[in-house]
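An overview of the molecular structure
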Amino acid sequence: MGVLNVTPDSFSDGGRYLDAGLAVAHGLEMARQGADVVDVGGESSRPSAGPVSQREELRRVVPVIEALSPHVRVSVDTVKRAVAEAAVSAGATLINDISASLWPVAAESGAGWVAMHMQGAPRTMQHDPRYDDVVAEVHGFLRDRARAALEAGVGEVWVDPGIGFGKTAGHNLTLLHHLPELVAQGVPVLVGTSRKSFLGRLAAGPGAEPAGVDERLAGSIATATWAMLAGASMVRVHDVASALQAATLVGDSRVGAGGACAAGTGR
Ligand code: HH2
């Protein structure tokens, strides 16, 4: 899943694709690089982001979805019911829902649905996130939401532990370590670690200045590879070409696990 933020303020690509033409070109480029889904968002969910009106969010995402959807599968990254509905009418077939509440729209429209876990709301979620047992709470929440969506008739449900959404670096790493248990719940898993700030802090080491957004590629690919090896079926990334190399390696290693190496000479 390639990330396409049609926003002025997203934490890594904010302002780069606010123009619809540039956004469509970047979406097509990610599809050419191998993205199966392009995730179009019109409202940043980074910790200090301000809210966006429904009218403005629609203005940002609908033309881009209309232009991309004949060429590549499109998801819409929104928490607003009306935006999700308009996006599906414009050609999106997956609702990426960080509020994990829009399954009725998916049930009514026939679109797929991603339920992501978030503690609190974007503006305040990183102030002091706390859990008694982060794994039990996140996995239990996602199991309940997935069940509700399946019972409502949603045909395609995904769950996502919501890396960085009301979580410390320790919570994020614990959730990555415990991904196999989430996968074992039987609902396909999506994971998004790409360029997130905990990677910058971990890369820099204790006491050092965190690595900037443009210096987080290695951590992004390392954690995407980790998630895929743990059984995640989709990773949400900004750097599609690099992630595809990792995905191909993981896929080949699964085929090769039976003995024969799937690709090339095996060197
Ligand atoms: N992360 C972001 C946004 N949407 N959706 C899912 N399912 N999982 C995620 O981890 C996820 C998400 C945040 O990243 P980004 O879109 O790059 O930034 P911003 O929210 O600032 O636009």
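Notes on the structure in this doc start here.

Quick look at the pattern of salt bridges now. Applying the stated criterion across every chain yields a total of twelve salt bridges. Residue Glu56 pairs with Arg60 through a salt bridge whose shortest N-O separation is 2.8 Å. Within this pair, Glu56 and its partner Arg60 are both found in helix α2 (residues 54-68), separated by four residues, close to a single helical turn. Glu56 gets classed as partly exposed once you look at its relative accessible area, which sits at 23%. Given a relative accessible area of 10%, Arg60 falls into the buried group. A salt bridge links Lys80 to Glu57; the nearest nitrogen and oxygen atoms lie 2.6 Å apart.

Inspection of the secondary structure assignment puts Glu85 in helix α3 (residues 81-90). By relative accessible area, Glu85 is classed as partly exposed at 33%. With 81 residues separating them in the primary sequence, Glu85 and Gly166 have C-alpha atoms 27 Å apart. If we skip the residues at most four places from it in the chain, Glu85 touches Val105 and Glu108.

This paragraph deals with the pairing of strand β3 (residues 73-77). On a regular strand, one side chain projects to one face of the sheet and the next to the other, so that they alternate. Summarising burial for β3: four of the five residues are buried, a large majority. Sheet analysis places strand β2 (residues 37-41) next to β3, joined by five bridges and oriented parallel. Its bridge partner lying in β3, Val38 is registered against Val74. A crossover links β2 with its parallel partner β3, the connecting element being α2, and its sense is right-handed. Note that the unit made of β3, α3 and strand β4 (residues 94-97) has a crossover that is right-handed.

Within this model, the largest pocket holds a volume of roughly 730 Å³. Along the wall of the largest pocket there are 38 residues; nearest its centre are Ser44, Ser45, Arg46, Met125 and Phe165. Per-element tally for the lining of the largest pocket: the top contributor is helix α8 (residues 197-204), with three residues. There is about 330 Å³ of room inside the second largest pocket. Along the walls of the second largest pocket sit 17 residues, with Met1, Asp36, Met228, Val235 and Ala247 positioned nearest its centre. When residues in the lining of the second largest pocket are grouped by element, the largest group, six residues, is from helix α10 (residues 240-256).

In the vicinity of the ligand there are 19 residues, among which Ser10, Ser44, Ser45, Asp160 and Lys196 approach most closely. For the ligand, an oxygen atom lies 2.5 Å from a polar atom in the side chain of Ser10. Between the ligand and Phe11 there is a distance of 3.0 Å, counted from an oxygen atom to a backbone nitrogen or oxygen. If the ligand stood free it would expose 480 Å²; the protein chains cover 98% of that surface. The cavity where the ligand resides is the largest pocket. Listed by contribution, the elements that provide at least two residues to the shell around the ligand are β1 (2-5) and β5 (112-116). Here the shell around the ligand is built from residues that sort into seven nonpolar, seven polar and five charged.

If you want to describe how two helices pack, look at the angle between their axes and the distance between the axes. Closest axis-to-axis distance for the helix α5 (residues 134-152)/helix α6 (residues 169-177) pair is 10 Å, and the angle between their directions is 65°. As for how α5 packs across α6, the hand of that crossing is right-handed. Residues Val134, Val135, Val138 and His139 of α5 lie in contact with α6, whose contacting residues are His171, Thr174 and Leu175. Among the residues making up the contact of α5 with α6, the classes are represented as four nonpolar, three polar and no charged.

Inspection of the entire model under this criterion finds one cavity of 30 Å³ or more. Its volume calculated, the largest cavity comes out at about 30 Å³. Around the largest cavity, the lining residues are Phe11, Gly192, Thr193, Ser194, Lys196, Arg236 and His238. Its residues assigned to classes, the lining of the largest cavity comprises one nonpolar, four polar and two charged.

Now for the nonpolar core. Leu4, Val40, Ile65, Leu68, Ile95 and Trp113 are the most contacted members of the largest nonpolar core, which totals 65 residues. Broken down by element, this core gets its largest block of residues, six residues, from α5. Of all hydrophobic cores here, the second largest spans seven residues; its members include Met1, Val37, Leu94 and Trp158.

Cut-offs and rules
- Residues numbered from 1 in each chain as written.
- Predicted model: local features only at pLDDT ≥ 70, side-chain atom pairs only at ≥ 80, totals over all residues.
- Heavy atoms only, no water.
- Salt bridge = Lys/Arg side-chain N within 4 Å of Asp/Glu carboxyl O.
- Helix = DSSP H or I, 4+ residues; strand = E, 2+ residues; numbered from the N terminus.
- Buried < 20%, exposed > 50% of the residue type's maximum accessible area, 1.4 Å probe, protein only.
- Contact = heavy atoms within 4.5 Å.
- Pairing = 2+ DSSP bridges.
- Right-handed = clockwise from strand over helix to strand, strands pointing away.
- 1 Å grid on protein atoms, 1.4 Å probe; cavity = no way out; pocket = protein on both sides within 12 Å on 5 of 7 lines; lining within 4 Å.
- Points joined across faces, edges and corners; volume = space filled by probe spheres on them.
- Near = heavy atom within 4 Å.
- Polar contact = N/O pair within 3.5 Å; in protein donor to acceptor, adjacent residues only side chain to side chain.
- Areas by Shrake-Rupley, 256 points an atom, 1.4 Å probe, with all protein chains shown as cover.
- Sits in = over half its atoms within 2 Å of the grid points.
- Nonpolar A, V, L, I, M, F, W, Y, C, P; charged D, E, K, R; others polar.
- Axes fitted to C-alpha atoms, helices over the stretch in contact; angles between N-to-C directions.
- Left-handed = near helix turned anticlockwise from the far one by under 90°.
- Core = buried A, V, L, I, M, F, W, Y, C linked by side-chain atoms within 4.5 Å.

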